[in-house]
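Residue-level structural notes
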Amino acid sequence: MSVFKSFILIALSLSLINCGNSNPKKNNFSIDTNAKDNVVKLGETLKLSLNNPNNATISSISYQMNGEPINASLNLNNQKLGVQTITATVNYDDTKEEVTTNITILNDQLPKIYDYKIINEYPHDITSYTQGLEFHNGILYESTGQYGESKLRKVDYKTSDIIKSVDLAPQYFGEGLTILNNNIYQLTWRENTGFVYDVDSFEKTGSFKYGQSKEGWGICNDGTTLYKSDGTENIWLLDSQTLAEVSKLQVYTNKGKIIGINEMEWINGRIYANRYQKNGVAIINPENGAVEGVIDFSPLRQLVIQHEGLDVLNGIAYNSETKTIFVTGKRWDKLFEVQVYEK
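Residues numbered from 1 in each chain as written. Predicted model: local features only at pLDDT ≥ 70, side-chain atom pairs only at ≥ 80, totals over all residues. Heavy atoms only, no water.

1. Focus on the overall build of the protein chain
Condition: Labels follow the DSSP assignment, with helices taken as runs of H or I lasting at least four residues and strands as runs of E lasting at least two, numbered in each case from the N terminus. A radius of gyration in this sense is built from C-alpha atoms; the matching globule rule multiplies 2.2 Å by the number of residues raised to 0.38. Buried, partly exposed and exposed residues are distinguished by accessible area as a fraction of the type maximum, computed with a 1.4 Å probe on protein chains only: under 20%, between the cut-offs, and over 50%, respectively. In this description, contact between two residues means that some pair of their heavy atoms is separated by no more than 4.5 Å. The accessible surface values rely on the Shrake-Rupley method and a 1.4 Å probe; as for residues, cover is taken only from the protein chains in view. Asp and Glu are treated as the negative residues and Lys and Arg as the positive ones, with His and the ends of the chain left uncounted. Where a charge sits is defined by one atom per residue type, namely NZ (Lys), CZ (Arg), CG (Asp) or CD (Glu).
Looking only at helices and strands, one finds one helix and 28 strands in the protein chain. Computed over C-alpha atoms, the radius of gyration of the protein chain comes to 27 Å, more than 25% over the 20 Å expected from 2.2 N^0.38 for 343 residues, which places it beyond the range of a compact globule. Seen through its C-alpha atoms, the protein chain measures out along the principal axes to roughly 100 × 50 × 40 Å. Burial status across the protein chain gives 50% buried among its 343 residues. Looking at the protein chain alone, contacts between residues at least 24 apart form 53% of all its contacts between residues at least 6 apart. Accessible area of the protein chain: about 16900 Å², with a carbon and sulfur share of 47%. Positive and negative side-chain charges of the protein chain, numbering 32 and 40 respectively, have mean locations separated by a distance of 5 Å.

2. Looking at the pattern of salt bridges
Side-chain pairs of opposite charge can arise whenever the charged atoms involved come near each other. The line we're drawing: We count a salt bridge whenever a side-chain nitrogen from Lys or Arg sits within 4 Å of a carboxyl oxygen from Asp or Glu.
With the rule as written, the count across this model stands at five salt bridges. Note that K334 and E121 form a salt bridge whose closest N and O atoms lie 3.1 Å from each other. Taken together, the residues span a long stretch of sequence, with K334 in strand 28 (residues 334-342) and E121 in strand 9 (residues 112-123) at a distance of 213 residues. Residue classification places K334 among the partly exposed positions, given a relative accessible area of 22%. The partner of R331 in a salt bridge is E149, with the nearest N and O atoms 3.3 Å apart. In this pair, R331 is assigned in the loop between strand 27 (324-329) and strand 28 and E149 in the loop between strand 11 (139-144) and strand 12 (151-156), connecting sequence segments 182 residues apart. A relative accessible area of 16% places R331 in the buried class. Among the residues examined, E149 registers a relative accessible area of 33% and is labelled partly exposed.

3. Looking at unusual backbone geometry
In the Ramachandran plot, Q146 falls in the positive-phi region, its phi being about 85 degrees despite a non-glycine side chain. Along the polypeptide, Q146 turns up in the loop between strand 11 and strand 12. Residue class for Q146 comes out partly exposed when judged on its relative accessible area of 24%.

4. Let's talk about the confidence of the model for the protein chain
We apply this condition: Every residue carries a pLDDT, the predictor's confidence in it, which falls somewhere between 0 and 100.
Here the protein chain averages 91 in pLDDT, and 92% of its residues register 70 or above. Confidence drops under pLDDT 50 across residues 3-23; counting only partners more than four residues distant or on other chains, this segment forms two contacts.

5. Re the side chain of T104
With respect to the element layout, T104 can be found in strand 8 (residues 95-106). If sequence neighbours within four positions are ignored, T104 has contacts with N38, V39, V40, G82, V83 and Y252.

6. What to know about the sheet that holds strand 25 (residues 291-296)
What counts is decided by this rule: If DSSP finds at least two bridges between two strands, the strands pair. Interaxial angle, 0 to 180 degrees, is taken between N-to-C directions of lines fitted to C-alpha atoms, where a helix line uses only the stretch in contact.
Across the sheet, eight strands lie side by side as 22-23-24-25-9-28-27-26; this open sheet has mixed pairing. On the outer flanks of this sheet lie strand 22 (261-267) and strand 26 (313-319), each paired with one strand and no other. Taking each pair of neighbouring strands and ignoring which way they run, the sheet shows an average axis angle of 30 degrees. Across five bridges, strand 24 (residues 280-284) lies against strand 25 in antiparallel orientation. Each residue of the ladder has a partner; that of I283, found in strand 25, is G293.

7. A short note on the nonpolar core
Short version of the rule: Among buried residues, the Ala, Val, Leu, Ile, Met, Phe, Trp, Tyr and Cys ones that are joined through side-chain atoms within 4.5 Å form a nonpolar core.
Counting 25 residues, the largest nonpolar core has L46, I86 and I105 as its most contacted members. Going through the elements one at a time, strand 3 (45-51), strand 4 (58-65), strand 7 (82-92) and strand 8 are the ones with two or more residues in this core. Other than its neighbours up to four places away in sequence, I105 contacts V40, L42, M65, L76, Q79, K80, L81, G82, Q84 and Y252.

8. With respect to the packing of aromatic side chains
Quick note on the threshold: To pair, rings of Phe, Tyr and Trp, with the six-membered ring standing in for Trp, must have centres within 6.5 Å; the planes then decide the type, stacked if under 30 degrees apart, edge-to-face if over 60, and tilted in the middle.
Tallied over the entire structure, the rule returns 17 aromatic pairs. On the numbers, 4.8 Å between centres and 45 degrees between planes, the contact of Y116 with F297 is tilted. Of this pair, Y116 sits in strand 9 while F297 sits in the loop between strand 25 and strand 26, placing them 181 residues apart in sequence. For Y116, a relative accessible area of 14% corresponds to the buried category. On the basis of relative accessibility, which here comes to 1%, the residue F297 falls in the buried class. Ring centres of F135 and Y157 lie 5.2 Å apart, and the angle between their planes is 85 degrees; on these two criteria the pair is classed as edge-to-face. You can see F135 sitting in strand 10 (residues 130-136) and its partner Y157 sitting in the loop between strand 12 and strand 13 (161-167), a full 22 residues away along the chain. Given a relative accessible area of 10%, F135 falls into the buried group. Feature note: the residues Y122, F135, Y157 and F326 constitute an aromatic cluster, connected by ring pairs.

9. Considerations on the pairing of strand 12
Where strand 11 meets strand 12, five bridges bridge the pair, whose relative direction is antiparallel. Opposite L140, over in strand 12, you have V155 as the bridge partner. Between the antiparallel neighbours strand 11 and strand 12 lie six residues, among them Q146 with a positive phi of about 85 degrees. Two strands pair when backbone bridges link them, and strand 12 and strand 13 are joined in this way by six bridges, in the antiparallel orientation.

Next up, the structure:
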């Protein structure tokens, strides 16, 4: 081999070594917590520390939870429940590195048990596969499901007479509805589409697509924000102007997450949510996602006509004029007016 070729090979080798050294291996930092299996409860103190296996010379460390700055010792009083991401930003040797870990925050209280008293029973269309239910100015609005059967209806709840009705196109499976600022918002199931109607004329005035949420199940509002469920433990908060998903709640008890969040109603500052296939309702704190109470409505199913198409409890609405709650189910022939109370 010539001297010139040897020189070229040595130069190339040195170049490769220098290139490798210009991007040194990360330091394998990790975040340690004082929580067993990274699970904590409200009211506890979460303590964070950095595992530094290579003994790097660290100039600063900062911590964030879901992008918001937090202290290394954090009292968990007002945090949202569920899986939260902790990030440590580490500055060392003129280098910045970020590492993450997940923690799960549970509620610190058992859900309270509520019971109910039937005030009235009203007729309900036995063919309606009820998905959404809501009162507006004393009139009941209902969204029904199934492909080829889905409808939006305005109903006289005392007689079950249909005041106004529109059919969805057969490719749409209707889901929950809510009314805000004289607009009806109706979800569809797997079609990634919600519809907007004028509350009086039922004229369709717009539509919107979902964001990160998997499907459309239930929807309610607090007078400003829309809350949308997708069948998981997540409740998505939608901007009422843009209908974009801006944040989410995760529904948890003191034991773990509650999935199957379905039709929802805003009642006196809380979200009342049907749980799919459970014939019951969870009372949810909209600030942190905590299940504060549960209502077992399963006995109601035995009070309706038993037939082949009979399905689960679904449909909850609050009538502000009577200050009572109304519930029904999929293909139930009755609508129940109830008063709820703590046992």
